[in-house]
Amino acid sequence: MLMLDSVNVRLQFSDFTYTSFVQRKSPYKVLACSSMGGSSKFPKHIKLKIDMNIEDVVKENVLPFLPAKSLYRYKTVSRAWNQWISSPFLELKQTNQFKDISGLFSQFPGENPSFISFNQDAYGIPVPSLNFLPESVNIRTTCNGLVCCQARSEEGAYFICNPVTGHWTKLPSPNLYHGPEPAIVLAFDAYALNFASNYELVCAVLDLTDHSIVQFEIYSSRTNSWRVADAVCCEEGWLNLSAGCYMKGVVYWETSRGGILAFDLKHEEYGILSLPPSKGPNGALVEINGELSYILPKKQDNFWEIYVYGNMNMSLKGTISLDPEIVGETYGVCQALTCINSDLLIILLGTKVITYRVRTRKLECFYDMRINGVSKYLPYVNSLIPVARPRPEI
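Our subject in this report is the structure included herewith. It should be emphasised that the depicted structure is a prediction, and the values quoted were computed from it without experimental measurement. Chains are numbered independently. Their residues run from 1 in the order of the written sequence. Only residues with pLDDT of at least 70 are given local features in this predicted model, and only at 80 or more are side-chain atom pairs given and counted; all residues enter the totals for whole chains, interfaces and linings. With hydrogens and water excluded, all non-hydrogen atoms of the structure serve as input to the side-chain values.

**Remarks on the nonpolar core**
Then comes step 1: Put simply, a nonpolar core is a bunch of buried Ala, Val, Leu, Ile, Met, Phe, Trp, Tyr and Cys residues held in one set by side-chain atoms that sit within 4.5 Å of each other. A 1.4 Å probe rolled over the protein chains alone gives each residue an accessible area, and that area as a share of the maximum for its type sets the label: buried under 20%, exposed over 50%, partly exposed in between. Formed by 36 residues in total, the largest nonpolar core has its most connected members in Leu201, Phe216, Trp253 and Phe263.
Then comes step 2: Residues count as neighbours in contact if any of their non-hydrogen atoms are within 4.5 Å of one another. Not counting residues up to four positions away in its chain, the partners in contact with Leu201 are Thr141, Cys148, Tyr158, Leu171, Ile184, Val185, Leu186, Glu217, Ile218, Tyr219 and Trp226.
Then comes step 3: By size, the runner-up hydrophobic cluster in this structure holds 29 residues, among which are Val147, Cys149, Ala151 and Trp168.

Structure below.
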């Protein structure tokens, strides 16, 4: 929709609204944007010359805030838009600006991955099964648009891919044995100066003979190689580590001992954090307002509440009620998912996926009849982030 008058211009896509307010006595216009998804923010004050073409304004300052699927659709607007959307400059800007969780990759044992989209029109994946990869894989970890998978073959090779573009690369074999269920975490920071889209993969490796010893093996895309960090964690009774997550330079794993193992990537040091005493198997580490938090579902009579813990001591900060009128029947297991996004919490309840927007307190319910059962669910961001193609064999 395009509306024009002497005072304002309004351009609305199916998933984005752009508004331009022209100040009559000023040679500049001040722009404001809002995303239907809720959490992608347009800078509050961007000034552009008034003689700038409206198409150029949208191309330069709106498109980076859209999900990748929408951008592929807008390639048909014109040849100039097609060239801009296909350029590495937009790839970098979109990866830096668009941070909405687009849906969940899920996988049942022995099956190919699938994708639960939170908005099929805007957030779809061309090949949810990831069968563009050369081998059948298990999804392991995601971060800011990248997905790490592991081959089901005996070699167990790792692959990094972008499911939207279908680009992928195979990583060299690690030095240590990571096991059939590696505690591996993908670390990718989407920021303006990360031109090469460099990322790291971190695996907390339990000693095969002494489970009180944990080593950290790190893959770097800068060097295309693995190395074992000097830091060695020696704590009694770790037993098992969860899948883990990455946030602001630190990797976190929840442990069966009841604590959090944290590893600082820059300084390569580890630390031990506490979980709340009431922790449970259905709780999860999340990010809320830029802070590491822990959420735990608890049933109260005929409805569920989400207990939110935070601060360094993981004290109780508040509760969130799941409105029965929105979520419907409350039967089945209620499980929180690890999600590193300041505005979104994700809950599995029976056969439903429930999302909760922290800022607006908006609760939405999505249905997937196969949620009950043993499976893996990983949040995913619809991004244009480039992935180096595999080198041809010589």
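Right, picking up where we left off after that structure.
**Looking at the packing of aromatic side chains**
Then comes step 1: Stacked, tilted and edge-to-face are the three classes assigned to paired rings of Phe, Tyr and Trp, where Trp is represented by its six-membered ring and a pair needs centres within 6.5 Å; plane angles under 30 degrees give stacked, over 60 edge-to-face, the rest tilted. A full pass over the atoms with the stated rule returns 13 aromatic pairs.
Then comes step 2: Judged by centre distance (6.0 Å) and plane angle (35°), the rings of Phe216 and Trp253 are tilted. Of this pair, Phe216 sits in strand 14 (residues 213-220) while Trp253 sits in strand 17 (residues 250-254), and the two are 37 residues apart along the sequence.
Then comes step 3: Residue Phe216 is classed as buried on the basis of its relative accessible area, which comes to 0%.
Then comes step 4: On the accessibility criterion, Trp253 (0% relative accessible area) is buried.
Then comes step 5: Ring plane angle 50° and centroid distance 6.3 Å describe the contact between Tyr294 and Tyr309, whose orientation is recorded as tilted. Think of it this way: any DSSP run of H or I at least four residues long counts as a helix, any run of E at least two long counts as a strand, and we number them from the N terminus.

**A short note on the side chain of Gln150**
Then comes step 1: Note that Gln150 resides in strand 9 (residues 146-151).
Then comes step 2: At 2.9 Å, the side chain of Gln150 forms a polar contact with the side chain of Arg140.
Then comes step 3: What qualifies as a polar contact is a pair of N or O atoms within 3.5 Å, subject to a donor-acceptor requirement within protein and to the restriction that residues adjacent in sequence count only when both atoms come from side chains. A distance of 3.2 Å separates the side chain of Gln150 from the backbone oxygen of Gly156, its partner in a polar contact.
Then comes step 4: Setting aside residues no more than four positions away along its own chain, Gln150 makes contact with Ser136, Val137, Asn138, Arg140, Gly156, Ala157, Tyr158, Gly179, Pro180 and Pro182.

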